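# Descriptive structure summary
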Amino acid sequence: MVAVATNPVSRETVELGSPLPPPLATRTIVVANQKGGVGKTTTAVNIASALARGGLRVLLMDLDPQGNASTALGIEHRTGVPGSYEVLLQQTPIAEVAQRSPEAENLFVVPATIDLAAAEIELVPQVAREQRLKKSVRRFLDAEPVDYVIFDCPPSLGLLTLNALVAASEILIPIQCEYYALEGVTQLMRTIQLVREELNPDLELSTVLLTMFDARTKLSSQVGEEVRNHFPEQTLLTLIPRSVRLSEAPSYGTTVLGYDPRSVGAKAYLKAASEIARRGAGLDGYSARRGRSA
Ligand code: ADP
Ligand code: MG
């Protein structure tokens, strides 16, 4: 069922640079899945770039010590460059460490350096250790009300991811279309529930994105169907196909939108970003923030 290929959204093309509707209020979205290699970073950077190229003001915070999102957005992140570590541990204001990405005029990035690996441990004895990012983000937004704040997380449910889950009001889970796709998601859902109960009652799973979809395999379709049955409201109609261009782009310090805007990967992320923006603007029958049918 769920004949995704026949859905009009997957046929229509979203032009690079055509304006996207702003959200009703700033959206803070954490891209999370404790599984590595499912497309978190690829999703975070391409969605951020697509939204910014659509005219929206976007801040991306790289919270993975690997700094892959920083690399993909053309941002320097060698040791010594101030970024997420300084925000979390030294309370350096976000505005002081954010850099403009060459991707788009409206795209700002807080880089992650390898120092951030130590933050996971150094945060443990800190007062209100789960709330530090939330405070920084609030302070930033008071002065700079951007449209979107997107957090790229490491593949774990440690204090870095936890800080993002407390700072954000929405979660976007990329799910790779492969065996056991939903296995890790069950654990993530338990964590989300705990965070909602103890630390951030506003947190909602608003968006699920199917990644690395391979139309030639039955498995991809089966996984896609299973995920849609689980998250019927949250799963975007757009699927991200497997595309070599998507994996090549980061080595050029750009997203696929900069590297090969005509590729299937670029088109898919443009469509996904358009769906996200339209939902956030209360269009397509979705309520503003919760990803639920209005
Ligand atoms: P994560 O951040 O969850 O660890 P990444 O976004 O870094 O995952 O993706 C893991 C690897 O898969 C990277 O090498 C990336 O370039 C590649 N990749 C991600 N999405 C796709 C896709 N749709 N098609 C092909 N390769 C992809
Ligand atoms: Mg990553």
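Notes on the structure follow. (Residues numbered from 1 in each chain as written. Chains lettered and ligands numbered in written order. Predicted model: local features only at pLDDT ≥ 70, side-chain atom pairs only at ≥ 80, totals over all residues. Heavy atoms only, no water.)

## Regarding the overall build of the chain
From N to C terminus, the chain includes 13 helices and 7 strands. When its C-alpha atoms are laid out on the principal axes, the chain stretches across 50 × 40 × 35 Å. Out of the 294 residues in the chain, the part that is buried amounts to 55%. Contacts spanning at least 24 positions in sequence make up 78% of the contacts within the chain whose residues lie at least 6 apart. Accessible surface, the chain as shown: approximately 12600 Å² in total, 52% of it carbon and sulfur. On the chain, the mean spot of the 29 positive side-chain charges and the mean spot of the 32 negative ones are 4 Å from each other. (Helix = DSSP H or I, 4+ residues; strand = E, 2+ residues; numbered from the N terminus. Buried < 20%, exposed > 50% of the residue type's maximum accessible area, 1.4 Å probe, protein only. Contact = heavy atoms within 4.5 Å. Areas by Shrake-Rupley, 256 points an atom, 1.4 Å probe, with all protein chains shown as cover. Lys, Arg positive; Asp, Glu negative; His and termini not counted. Charge placed at Lys NZ, Arg CZ, Asp CG, Glu CD.)

## Some details on helix H7 (residues 132–143)
Helix length check: H7 (12 residues) gives 18 Å between terminal C-alpha atoms against 16 Å at 1.5 Å per residue, within 8%. For H7, the set of buried residues is Arg132, Leu133, Lys134, Ser136, Val137, Phe140 and Leu141. Against the buried residues of H7 lie strand E1 (27–31), strand E2 (58–62), helix H4 (84–89), helix H5 (94–97), strand E5 (148–152) and helix H8 (159–167). (Expected span 1.5 Å × (residues − 1).)

## Digging into the site of ligand 1
Ligand 1 sits among 14 residues. The nearest are Gly37, Thr41, Thr42, Pro241 and Ser243. Separating an oxygen atom of ligand 1 from a backbone N or O atom of valine 38 is a distance of 3.1 Å. Glycine 39 has a polar backbone atom sitting 3.0 Å from an oxygen atom of ligand 1. Expressed as a share of its isolated accessible area of 550 Å², the protein-covered part of ligand 1 is 77%. Those elements that place two or more of their residues in the shell around ligand 1 are helix H2 (40–53) and helix H11 (244–248). Of all the elements, H2 adds the most residues to the shell around ligand 1, at 3 residues. Residues that form the shell around ligand 1 fall into these classes: 5 nonpolar, 7 polar and 2 charged. (Near = heavy atom within 4 Å. Polar contact = N/O pair within 3.5 Å; in protein donor to acceptor, adjacent residues only side chain to side chain. Nonpolar A, V, L, I, M, F, W, Y, C, P; charged D, E, K, R; others polar.)

## Examining the environment of glycine 37
Position of glycine 37 relative to the elements: it lies in the loop between E1 and H2. Assessed through its relative accessible area of 58%, glycine 37 is described here as exposed. It is 8.2 Å that separates the C-alpha atoms of glycine 37 and proline 155, two residues lying 118 residues apart in sequence. Glycine 37 has contacts with Gln176 and Met212, leaving out every residue within four places of it along the chain.

## Looking at the nonpolar core
Ranked by size, the top nonpolar core spans 51 residues in total, and within it Val30, Met61, Leu133, Phe151, Ile171 and Ile175 carry the most contacts. A total of 7 residues in this core trace back to one element, the largest contributor, which is H8. Among residues more than four places away in sequence, those in contact with valine 30 are Phe151, Cys153, Ala164, Leu165, Ala168, Glu170, Ile171 and Leu172. With 39 residues, the next largest nonpolar core counts Ile29, Ala50, Val109 and Leu257 among its residues. (Core = buried A, V, L, I, M, F, W, Y, C linked by side-chain atoms within 4.5 Å.)

## A closer look at the pairing of strand E6 (residues 170–176)
For E6, the buried fraction is high: 7 of the 7 residues fall into the buried class. Here E6 shows two buried faces, one formed by Glu170, Leu172, Pro174 and Gln176 and the other by Ile171, Ile173 and Ile175. Relative to E6, E1 is paired through 3 bridges, and the arrangement is parallel. Across the sheet, valine 31 pairs through a bridge with leucine 172, a residue of E6. With respect to chirality, the unit in which E6 leads through helix H9 (residues 183–198) into the neighbouring parallel strand E7 (residues 204–211) is right-handed. (Pairing = 2+ DSSP bridges. Right-handed = clockwise from strand over helix to strand, strands pointing away.)

## Some words on the sheet that holds strand E3 (residues 99–100)
Across the sheet, 7 strands lie side by side as E3-E4-E2-E5-E1-E6-E7; this open sheet has mixed pairing. Edge positions in the sheet fall to E3 and E7, since each of these pairs with one other strand and no more. Relative to E5, E2 runs parallel, the two sharing 5 bridges. Residue pairing for E5: methionine 61 is matched across the bridge by phenylalanine 151. On the sheet, H9 packs against E6 and E7 and is oriented at approximately 175 degrees with respect to E6. (Axes fitted to C-alpha atoms, helices over the stretch in contact; angles between N-to-C directions.)

## As for the packing of H2 against helix H13 (residues 264–280)
Interaxial distance between H2 and H13 falls to 9 Å at its minimum, and their mutual angle equals 70 degrees. By the angle class used here, H2 and H13 are roughly perpendicular. When H2 is examined against H13, the residues Thr42, Thr43, Asn46, Ile47, Ala50 and Leu51 are found in contact with a partner set consisting of Tyr269, Leu270, Ala272, Ala273, Ile276 and Ala277. Partitioning the contact of H2 with H13 into residue classes produces 9 nonpolar, 3 polar and no charged. (Parallel < 35°, antiparallel > 145°, perpendicular 65-115°, else oblique.)

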